[in-house]
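# Summary of the model geometry
Below, each chain spelled out in residue letters.
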Amino acid sequence: MRFGGLVALNDVSLSIDKGAVLAVIGPNGAGKSTLFNVVTGVYRPTSGRVTFNGAEITSRPSYEVVDRGIARTFQSSRLFSDLSVLDNVIIGMHTRTKTGVLDALFRPGASRREMAACVEKAEILLKLGSGGLFEQRYRPAGTLAQADRRRLEIARALASQPKLLLLDEPSVGMDDTETDALVADIVRLRAENPELSVILIEHDMRVVEAFPQHVTCIDYGSKIAEGDFAAVRADPRVQEAYLGKAVADA
Ligand SMILES: Nc1ncnc2c1ncn2[C@@H]1O[C@H](COP(=O)(O)OP(=O)(O)OP(=O)(O)O)[C@@H](O)[C@H]1O
Ligand SMILES: [Mg+2]
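So, here's what we can say about the structure. (Residues numbered from 1 in each chain as written. Chains lettered and ligands numbered in written order. Predicted model: local features only at pLDDT ≥ 70, side-chain atom pairs only at ≥ 80, totals over all residues. Heavy atoms only, no water.)

To continue, consider the coordination of the magnesium ion (ligand 2). The protein atoms that coordinate the magnesium ion (ligand 2) are Ser33 (OG) and Gln75 (OE1), at distances of 2.0 to 2.2 Å. Here the residue Ser33 occupies a position in helix α1 (residues 32-39), and Gln75 occupies one in the loop between β6 (70-72) and α3 (85-92), the gap between them amounting to 42 residues. Overall, Gln75 belongs to the partly exposed group, its relative accessible area being 34%. (Donors = N, O, S within 2.8 Å, 3.2 Å for Na, K, Ca; no water. Helix = DSSP H or I, 4+ residues; strand = E, 2+ residues; numbered from the N terminus. Buried < 20%, exposed > 50% of the residue type's maximum accessible area, 1.4 Å probe, protein only.)

Spelled out as structure tokens, the structure:
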């Protein structure tokens, strides 16, 4: 993926098996979010291919990517802050609903029944995670505490019933206790959906450590290491990437 003269992602090949968790780490500006943007059709890659379940989805529009079973959260919140917590989750369901505007006019019964089913499913999702999202379901999303906003982003992504969930720094703005609860939420989610695959971008090694099997490190748009967490952490290139950035930032 190039942006003018900047190569944001260079020859990065990644794959994930059904039911696996892959953690993507790397310093600021490494290209991690760009990777999600390429996979989800936000950016059209300059070259390369994205395949999902054997089908090519390169440069497909975002709604089609969601429809095929890939849902994501964003690094900075994309919630509808004036809408209620519940409505934000219901919006996440729209690719899985059947009735539309015309049905609301001409088949009001069918629309109402589908809406009631959506509310019920949304409430179930809001009860799943840690934190009291369900109790806060009628509040505008913008009034939630930071950690609850992050949780709501995940609940909304799950509303589209994804096969692959992409989480872009889900622990941002969370303290250690909240981060531990996030890890517990992801563990529970996977136990309940053994086929769900998860790619998570993380700076917080507490989270990465909890899903240590598959870790990939990206630096300056290139993959510099992959393996389990212990191997990646011990890799001199990874240490240099982080140390270099830490020194540069200081
Ligand atoms: N739309 C864009 N136009 C131009 N440059 C972009 C665009 N999106 C990303 N970039 C550049 O691509 C590079 C990778 O950015 P990206 O956001 O993917 O990094 P990141 O690894 O997610 O970093 P962070 O950890 O800070 O979130 C950066 O140099 C960034 O400025
Ligand atoms: Mg990013």
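That shown, we press on.
If you check the shell around ligand 1, you find 15 residues, and the closest are Gly29, Lys32, Ser33, Thr34 and Gln75. A distance of 2.9 Å is found between an oxygen atom of ligand 1 and a backbone nitrogen or oxygen belonging to Gly31. Contact distances for ligand 1 include 2.9 Å between an oxygen atom and a backbone N or O atom of Ser33. Computed on the free molecule, ligand 1 has an accessible area of 640 Å², of which 65% lies beneath the protein chains in the complex. Of all the elements, α1 adds the most residues to the shell around ligand 1, at three residues. (Near = heavy atom within 4 Å. Polar contact = N/O pair within 3.5 Å; in protein donor to acceptor, adjacent residues only side chain to side chain. Areas by Shrake-Rupley, 256 points an atom, 1.4 Å probe, with all protein chains shown as cover.)

Turning our eyes to something else, we now look at unusual backbone geometry. Residues other than glycine seldom take positive phi values, yet Gln161 does so here, at roughly 55°. In the Ramachandran plot, Tyr220 falls in the positive-phi region, its phi being about 45° despite a non-glycine side chain. Its place among the elements puts Tyr220 in the loop between β9 (214-219) and β10 (222-227).

Quick look at the pattern of salt bridges now. Applying the stated criterion across every chain, the model contains eleven salt bridges. Here Glu195 and Lys18 are joined by a salt bridge, their closest N and O atoms 3.9 Å apart. Placement of the pair is Glu195 in the loop between α7 (176-192) and β8 (197-201) and Lys18 in the loop between β2 (6-7) and β3 (21-25), with a sequence separation of 177 residues. Assigned by exposure class, Glu195 and Lys18 land together as exposed. Note that Asp235 and Arg237 form a salt bridge whose closest N and O atoms lie 3.1 Å from each other. Overall, the relative accessible area of 13% leaves Asp235 in the buried class. Connected through salt bridges with shared partners, the residues Arg60, Glu64 and Arg68 form a single ionic network. (Salt bridge = Lys/Arg side-chain N within 4 Å of Asp/Glu carboxyl O.)

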